[in-house]
Amino acid sequence: MKQEKIYLKDYKAPAFSVESVHLDFILNEDFCRVIAKSKIKTVTAGAPLHLNGEELKLISVKINDKVLTTADYQLTAEEMIIPSVPTEFTLEIETQLEPQNNTSLEGLYKSNGIFCTQCEAQGFRKITWFLDRPDVMTSYTVTIEADKTKYPVLLSNGDRMKIEDLGNGRHKAYWSDPHKKPCYLFALVAGDLGVIRDTFTTASGRKVNLEVYAAHGKQDRCWHAMESLQKSMKWDEQVFGREYDLNEYMIVAIDDFNAGAMENKGLNIFNSRLVLADSNSATDSDFHAIESVVAHEYFHNWTGNRVTLRDWFQLSLKEGLTVFRDQEFSADMTDRGVQRIEDVDSLRTGQFAEDAGPNSHPVRPESCMAVDNFFTMTIYEKGSELIRMMQTIVGRKGFRKGMDEYFKRHDGQAVTTEDFAAAISEPNGKDFSQFKRWYHQSGTPVVSIQERYDDKTGEFHLSLEQSCPPTPGQTMKEPFHIPLMMGLLDKSGQELAVDCEKIAKNSDGQHVIELKSQKENFVFKGLKSRPVLSILREFSAPVNLNWEASEEDLYFLMEKDTDSFNRREMAQKLALRLMSGLIKQARSGQELKVDERFLKAMNTVMNDDSMDAAFKAKMLQLPSLAVLAQMEPVLDPRAFDLARQTIRREIAKGNKEALLATYKKFHNVEPKSRNTKVFGQRLLKNQALHYLADLHDPEIYELVNKQYWEAQNMTDRMTALMILADSESAHREKVLADFHENWKNDSVVINKWFTVQALAHRPKILDEIKALTKNPTFNINNPNNVYSLVRAFATNLVSFNTEKAYEFMADMIIEIDPKNPQVAARLCSSFNFVGKLEPELKAHAMKQIKRIVEVPGMSKNSRELLQSAL
């Protein structure tokens with residue numbers, strides 16, 4: 001069956017405006033009633049009223065209190081159409097829902113006895129018939145009636161007006177949100193929940209009530225989320241001048257949630273894993289993720305809620321911008337250089353692979369079958385890089401000026417990426433017409449570099465040429481506007497003056513090459529000797545460099561570059577070159593030999609006591625197999641793993657004493673601390689333990705086992721569990737059994753237990769994964785369980801790429817899709833590397849892709865993502 005696509009070019013402004021809406025929810029155990037009363041004005045005279053609605057039971061429809069008969073409207077599977085309506089009217093629709101049977105986790109559903117909603121992108125149409133599109137913004141009042149004992153907490157957007165006791169064992173809450181918003185930001189929660197409370201005083205002196213809700217007994221694990229919220233509110237005032245605009249701000253932790261969190265106005269609903277944390281149950285990376293995501297959802301109040309998107313093709317308008325804002329926040333809360341490394345690692349691992357795969361799409365797509373499929377790393381992370389490039393071009397001062405202009409122009413509006421680009425460029429006197437190609441051209445550009453020094457003239461010649469590989473639907477690309485932050489270093493590592501008429505400084509004083517032509521030459525004058533080029537500093541553009549720099553220069557930059565990102569980047573480049581050579585040796589059956597110079601460089605890093613611990617951990621980290629897979633023409637997981645493990649083992653052999661010394665030095669440093677410096681020390685200590693474990697030394701496994709049993713925080717315990725889970729150690733089964741026994745009743749922490757096993761490289765891993773799907777703690781209807789086990793297994797390139805594993809993944813997608821298309825669609829990314837597989841494996845993967853696509857009734861979400869691979 002052919003699925004109909006929707007296209008950006010077909011956008012038309014809404015034919016009606018909604019002046020206000022009142023929603024009345026009557027919640028019961030077996031059903032609930034929703035009465036939606038909307039005041040509507042006709043914008044396009046004579047237009048029929050088309051309302052979106054799915055899986056709804058209609059009770060009644062009224063216009064101006066007159067009940068409509070079935071002759072007055074038409075119902076389809078996705079719409080209610082009323083052919084004739086007055087110019088201004090009140091529309092009242094009563095529907096009946098069964099939230100307890102809603103497994104899609106869209107619209108209104110129940111999670112562990114708690115009513116909650118998820119309306120982004122198109123979930124509101126599962127609550128009532130409505131103009132479910134982001135450019136229809138209106139003010140909401142809400143009443144919620146429910147059993148007082150079972151549902152003492154009744155929450156919605158905006159400010160709590162009053163709670164009324166109905167005297168029959170039921171009560172009713174009244175909520176009002178004065179700010180107009182699209183319906184995807186509507187939220188409701190009703191249940192019996194624990195809560196922590198605090199306040200925040202805004203820059204203008206207003207006191208805001210803050211509440212974080214979770215299941216009873218877990219609310220004490222919400223204080224880190226509360227502190228993160230307060231930090232976010234203060235940071236947004238200081239950095240962007242944005243103050244919160246309601247009297248209440250609430251976060252609710254829910255176990256059954258398709259995504260990470262949702263920025264509903266004043267009432268954020270979060271996946272529990274991104275709220276609940278203490279040192280016994282959460283790792284350092286969990287704490288960091290919670291701080292980042294709490295900030296992300298809070299920042300949406302201005303970049304997403306106050307200024308929203310005109311249509312879903314503009315999703316990056318709010319998501320790319322808000323990811324950029326949360327990354328900047330995290331950089332200010334931690335170490336800016338280390339944070340940038342982590343952000344770029346994530347971009348390369350996920351988004352670069354997406355750009356090179358069968359589902360490559362622009363940051364602002366032109367078409368889709370399922371809007372839910374827009375929530376990708378391209379829209380979010382690459383979208384963030386587009387914002388960062390704008391800031392690099394105009395500088396931080398210029399960017400703040402542009403952001404102020406954006407809010408001034410568009411507060412309360414639904415706008416486009418073009419509107420945002422204009423707000424940044426125009427106050428800064430910049431022309432972004434070419435830059436906007438980043439929004440509609442997909443793929444990762446490649447910048448080729450040629451350099452030459454002329455001894456006679458003292459001139460350094462730099463030649464840059466850009467290209468972009470073909471992507472689905474886009475064989476030819478026009479040149480991008482690429483900002484390349486750069487510098488020149490002398491032999492001692494000191495910055496040299498940059499004398500090039502084509503290169504200007506941005507408002508921060510940074511030298512930025514703005515590459516706009518396909519090929520361009522740059523001449524640097526006044527040099528006494530050949531400089532060393534440092535380019536793409538801070539990863540100033542999401543590009544790949546085709547740069548055959550000498551090993552001499554790469555090792556020099558690894559040691560001396562003044563840009564911390566580039567120091568680590570050179571280590572990664574050298575490691576990738578080395579791994580590529582070892583892969584060739586492995587595939588030809590040769591003995592693998594690791595270059596001594598690389599080992600010596602890593603030894604120097606290991607013994608540099610002046611280096612920050614977190615940065616040292618990043619310097620010692622080898623590129624992931626996912627990054628390597630993008631560099632190599634053929635995906636050969638076993639050869640990849642052999643190459644990587646050989647290097648790790650040689651590093652461990654040559655640095656065993658230093659690694660042990662590092663481990664002992666930081667082993668008991670403030671085990672309960674959440675200080676950034678301590679996080680870095682713990683990261684380095686546990687990386688040292690990982691390297692030591694690669695020696696497969698029984699004494700080291702005893703050390704790992706000791707760490708598991710004596711750990712005073714989850715970071716140390718999980719490190720030990722991860723190492724032992726991927727080993728043949730006699731301790732393996734005992735620690736896995738212990739962790740399961742301790743955390744089997746904790747819906748958040750048990751997912752860590754699933755993931756460490758899903759990522760192991762064990763001979764019978766698939767049988768173990770299948771057995772885990774039968775474990776009583778695994779619930780196939782819970783997205784977190786599916787992501788932590790099944791989706792994590794798909795990222796395990798070494799173990800996943802087999803005929804039987806492809807069949808298993810297809811079985812999972814086919815089983816999950818009818819219940820929850822969004823979760824099934826996320827599993828479809830398992831086949832993104834199919835184009836790089838060897839012929840035999842590719843045939844097995846394609847067989848399973850065809851099997852999934854041919855299933856009758858397969859959702860458009862999954863079908864869209866897999867058809868492109870065919």
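Residues numbered from 1 in each chain as written. Predicted model: local features only at pLDDT ≥ 70, side-chain atom pairs only at ≥ 80, totals over all residues. Heavy atoms only, no water.

Undergrad: Hey, could you go over helix H11 (residues 613–620) for me, with residue numbers and the actual values?
TA: Burial analysis of H11 places eight of its eight residues in the buried class, the great majority of the element. Of all the residues in H11, the buried ones are Ala613, Ala614, Phe615, Lys616, Ala617, Lys618, Met619 and Leu620. With a side-chain oxygen positioned 3.2 Å from the backbone nitrogen of Ala614, the residue opening H11 is Asp612. (Buried < 20%, exposed > 50% of the residue type's maximum accessible area, 1.4 Å probe, protein only. Helix = DSSP H or I, 4+ residues; strand = E, 2+ residues; numbered from the N terminus. Polar contact = N/O pair within 3.5 Å; in protein donor to acceptor, adjacent residues only side chain to side chain.)

Undergrad: Requested: an account of unusual backbone geometry, with residues and values cited.
TA: A cis amide bond links Glu120 with the next residue in sequence, Ala121, at an omega value of 5°. Located in the positive-phi region is Glu538, a residue other than glycine, with phi close to 55°. One can find Glu538 in the loop between strand E31 (532–535) and strand E32 (544–546). The class of Glu538 is partly exposed, set by a relative accessible area of 35%.

Undergrad: Run through the sheet that holds strand E25 (residues 446–454), naming residues and quoting values.
TA: If you trace the four strands from one edge of the open sheet to the other, you get E30-E26-E25-E32, paired in mixed fashion. Since the sheet does not close on itself, it has two edges, and those belong to strand E30 (519–524) and E32, each with one partner. Ignoring strand direction, the axes of neighbouring strands in this sheet form an average angle of 25°. Of the strand pairs in this sheet, E25 and strand E26 (residues 459–467) are connected by nine bridges, and their pairing is antiparallel. For Glu451, the partnering residue across the bridge sits in E26 and is Leu462. (Pairing = 2+ DSSP bridges. Axes fitted to C-alpha atoms, helices over the stretch in contact; angles between N-to-C directions.)

Undergrad: Run through the pattern of salt bridges, naming residues and quoting values.
TA: A full pass over the atoms with the stated rule returns 65 salt bridges. The salt bridge involving Glu478 is made with Arg437; its shortest N-O contact spans 3.6 Å. Pair noted here: Glu478 is in the loop between E26 and strand E27 (482–489) and Arg437 is in helix H7 (residues 437–440), with a separation of 41 residues, a long-range link. You can call Arg437 buried: its relative accessible area is 19%. Via salt bridges that share partners, Glu328, Asp332, Arg336, Arg388 and Arg396 belong to a single interconnected network. (Salt bridge = Lys/Arg side-chain N within 4 Å of Asp/Glu carboxyl O.)

Undergrad: Got a sec to walk through the pairing of strand E19 (residues 248–254)? Specific residues and values, please.
TA: Counting buried positions along E19 gives seven out of seven residues, so the element sits mostly inside the fold. Neither face of E19 is exposed, since Glu248, Met250, Val252 and Ile254 on one face and Tyr249, Ile251 and Ala253 on the opposite face are all buried. The pairing of strand E18 (residues 207–214) with E19 spans five bridges and is classified as parallel. Counted as the bridge partner of Leu210 is Tyr249 from E19.

Undergrad: Any details on the packing of aromatic side chains? Residues and values, ideally.
TA: In total, this model carries 36 aromatic pairs according to the counting rule given. Aromatic pair Phe115 and Tyr151: ring centres 5.1 Å apart, planes at 55°, arrangement tilted. With a gap of 36 residues between them, Phe115 in strand E11 (residues 114–118) and Tyr151 in the loop between strand E12 (138–147) and strand E13 (153–156) connect regions that are remote in the sequence. By relative accessible area, Tyr151 is classed as buried at 3%. The rings of Trp235, Phe240, Tyr244, Tyr249, Tyr298, Phe299 and Phe329 are connected pair by pair, giving a single aromatic cluster. The ring of Tyr7 is capped by Lys9, whose NZ or CZ atom sits 4.8 Å from the centre of that ring. Of note, Arg242 hangs over the ring of Trp302, and the distance from its end group to the ring centre comes to 4.7 Å. (Phe/Tyr/Trp six-rings, centres within 6.5 Å; stacked < 30°, edge-to-face > 60°. Lys NZ or Arg CZ within 6 Å of the ring centre and 35° of its normal.)

Undergrad: An account of the sheet that holds strand E14 (residues 159–165) is needed here, citing residue identities and associated values.
TA: Ordered by their spatial adjacency, eight strands build an open sheet running E6-E5-E9-E3-E2-E12-E15-E14, and the pairing between neighbours is mixed. Since the sheet does not close on itself, it has two edges, and those belong to strand E6 (66–67) and E14, each with one partner.

Undergrad: Describe the environment of Phe240, with residues and values.
TA: Looking at the element boundaries, Phe240 is found in helix H1 (residues 223–240). The exposure class assigned to Phe240 is buried, which follows from its relative accessible area of 5%. Not counting the four nearest positions on each side in its chain, Phe240 is found in contact with Trp235, Arg325, Phe399, Arg400, Met403 and Asp404. (Contact = heavy atoms within 4.5 Å.)

Undergrad: Please set out helix H16 (residues 698–710) residue by residue, giving values where relevant.
TA: Its 13 residues give H16 an end-to-end C-alpha distance of 18 Å, which sits within 8% of 18 Å, the value for a rise of 1.5 Å per residue. Along H16, the residues that are buried comprise Ile700, Tyr701, Val704, Asn705, Gln707 and Tyr708. Along H16, the residues classed as buried sweep out an arc of 155° about the axis, all on the same side. Opposite the buried face of H16, at more than 90 degrees from it, the exposed residues are Pro698 and Glu699. Looking at the buried side of H16, the elements it contacts are helix H14 (656–666), helix H15 (676–693), helix H17 (714–725) and helix H18 (732–743). A side-chain oxygen of the first residue of H16 lies 2.8 Å from the backbone nitrogen of Glu699; this N-cap is Asp697. (Expected span 1.5 Å × (residues − 1). Arc of directions from axis to C-beta.)

Undergrad: Can you break down the pairing of strand E8 (residues 79–82) residue by residue, with the values?
TA: Note that strand E4 (residues 49–52) and E8 share four bridges and pair antiparallel. Looking across to E8, one finds that Asn52 is bridged to Glu79. Two strands pair when backbone bridges link them, and strand E7 (residues 74–75) and E8 are joined in this way by two bridges, in the antiparallel orientation. From the neighbouring strand, Gln74 faces E8, where its bridge partner is Ile81.

Interpretation note: all reported values are geometric properties and have no functional meaning in isolation.
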